Amino acid sequence: MTLEQLRIFVAVAERQHMTQAAQALNITQSAASAAIAALEARHDTRLFDRVGRGLALTEAGRAFLPEARAVLARATDAARLLDDLAGLKRGRIELFASQTVGAYWLPPRLAAFGHAHPGVELQLSIGNTAQVTEAVLSGAVELGFVEGAVEAPLLERRQVGADRLAMVATPDHPLAQAGRFALADLAAHPWVRREAGSGTRSEFEQTLRGLGLDPDRLPCALVLPSNEAILAAVAQGGLLAAVSELAARPLIASGGLQRIGPELPPRPFHIVSRPDRPPSRAAAALLESLA
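Quick caveat, the model's predicted, so the values are computed rather than measured.

Reading the values: the criteria
Residues numbered from 1 in each chain as written. Predicted model: local features only at pLDDT ≥ 70, side-chain atom pairs only at ≥ 80, totals over all residues. Heavy atoms only, no water. Helix = DSSP H or I, 4+ residues; strand = E, 2+ residues; numbered from the N terminus. Buried < 20%, exposed > 50% of the residue type's maximum accessible area, 1.4 Å probe, protein only. Axes fitted to C-alpha atoms, helices over the stretch in contact; angles between N-to-C directions. Parallel < 35°, antiparallel > 145°, perpendicular 65-115°, else oblique. Contact = heavy atoms within 4.5 Å. Nonpolar A, V, L, I, M, F, W, Y, C, P; charged D, E, K, R; others polar. Phe/Tyr/Trp six-rings, centres within 6.5 Å; stacked < 30°, edge-to-face > 60°. Salt bridge = Lys/Arg side-chain N within 4 Å of Asp/Glu carboxyl O. Left-handed = near helix turned anticlockwise from the far one by under 90°. Arc of directions from axis to C-beta.

A. Main features of unusual backbone geometry. For glutamine 16, which is not a glycine, the phi torsion comes out positive at approximately 55°. Inspection of the secondary structure assignment puts glutamine 16 in the loop between helix H1 (3–15) and helix H2 (18–25). Taking the relative accessible area as the measure of exposure, glutamine 16 reaches 42% and is therefore partly exposed. Look at aspartate 44: it is not a glycine, yet its phi comes out positive at around 50°. By the element assignment, aspartate 44 lies in the loop between helix H3 (29–43) and strand E1 (48–51). Aspartate 44 gets classed as exposed once you look at its relative accessible area, which sits at 73%.

B. Highlighting the packing of H2 against H3. Axis separation between H2 and H3 bottoms out at 8 Å; the angle between their running directions is 110°. Judged by the angle between their axes, H2 and H3 are roughly perpendicular. On H3, the residues touching Met18, Thr19 and Ala22 of H2 are Gln29, Ala32, Ser33 and Ile36. Grouping the amino acids of the contact of H2 with H3 by side-chain chemistry returns 4 nonpolar, 3 polar and no charged.

C. Main features of the packing of aromatic side chains. The full count for this structure, using the stated rule, is 4 aromatic pairs. Between tryptophan 105 and phenylalanine 269 the ring centres are 6.0 Å apart and the planes differ by 70°, which places this aromatic pair in the edge-to-face class. Here tryptophan 105 is found in helix H5 (residues 99–116), whereas its partner phenylalanine 269 is found in strand E11 (residues 266–273), with 164 residues between them in sequence. Here the aromatic cluster, defined as three or more aromatic residues joined through ring pairs, consists of Phe9, Phe48 and Phe64.

D. Region of the structure containing the pattern of salt bridges. Summed over all chains, the structure comprises 17 salt bridges. Across the salt bridge formed by arginine 69 and glutamate 134, the nearest N and O atoms sit 3.1 Å from each other. Here arginine 69 is found in helix H4 (residues 59–85), whereas its partner glutamate 134 is found in helix H6 (residues 129–138), with 65 residues between them in sequence. Exposure remark for glutamate 134: the relative accessible area of 31% places this residue in the partly exposed category. With a closest N to O distance of 3.9 Å, arginine 267 and glutamate 147 form a salt bridge. Here glutamate 147 lies in strand E5 (residues 143–147) and arginine 267 lies in strand E11, a separation of 120 residues in the sequence. Classification of arginine 267 as buried rests on a relative accessible area of 2%. One continuous salt-bridge network, built from bridges that share partners, spans Glu14, Arg15, Arg69 and Glu134.

E. Representation of the packing of H1 against H2 in the model. At a minimum axis separation of 8 Å, H1 and H2 run at an interaxial angle of 125°. Judged on the interaxial angle alone, H2 and H1 are oblique. For the pair H1 and H2, the sense of crossing is right-handed. Taking contact as the criterion, the partners of Arg7, Ile8, Ala11, Val12 and Arg15 in H1 are, on H2, Met18, Gln20, Ala21, Ala24 and Leu25. When grouped by side-chain class, the residues that make up the contact of H1 with H2 number 7 nonpolar, 1 polar and 2 charged.

F. Representation of the side chain of arginine 15. Mapped onto the fold, arginine 15 is located in helix H1. When residues no more than four places from it in sequence are discounted, the contact partners of arginine 15 are Gln20, Ala21, Ala24, Phe96, Ser125, Ile126 and Gln131.

G. How the structure looks around helix H10 (residues 245–254). When we look at burial in H10, the residues that qualify are Glu245, Ala247, Ala248 and Ile252. Taken down its axis, H10 places every buried residue within 140° of arc, on the same side. Opposite the packed face of H10, turned more than 90 degrees from it, sit the exposed residues Pro250, Ala253 and Ser254. If you follow the buried residues of H10, they end up packed against H5, strand E6 (156–169), helix H9 (227–235), strand E9 (241–244) and strand E10 (258–259). Glycine 255, located one to two residues past H10, shows a positive phi value of around 90°.

See below:
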């Protein structure tokens, strides 16, 4: 049993999907499948059942998951100790970010840090807010980056940035053509939304409630797992969505999509970490660079 096999097992268990786990770890799907197959064969134990297009943990897999997380957390602590002894000449920081932060806000800042500290390796995984929170709580990663509310009182959080959500449609959509309309009119058209656990989804639903509209009244035609997938669906016409302005900006600028409705309030980006685990020297330097 190797640490790499454990990392792949935990990633697949958290996403219940082989392809999504492989993408998050920057490996091929065949490599992820082979690692799981080798782990199951070595111990003659099935860890996953296939359910439709996804995967579900077996009873053995559910029992093994916390143990695998604990081993990875201890290995990370051991590596962090050695890295701290070496100063910032070398090191590794495991990061997990929700999609908007990880795909749009964080990369240029990580690139700047990497240029200043070329000996420090930055490993970024991307998921939704719930997955980020779980990874930080379990010790699988040192720092998490999320947008919107975090239901985890055991974590410390610090705001590092912000964006805002924008409701978008194609320019020929009836609401885009109308310009101004009653908020209740949003419930007369089909929507594409992010999955449960997404910070974008929870933030938009909270905003709608604050404006006096029950989000359950919006007819949901599609649930998709990323900003890019949602924007591609909306661009085909007929659907509405609420997405990050950072993600929608290129399509809005090109005229492919149009903002509709009122301007929504800004939402913060937070760093989340465990207060009982002081940051490594490399992580402390990253935190300082983002201050």
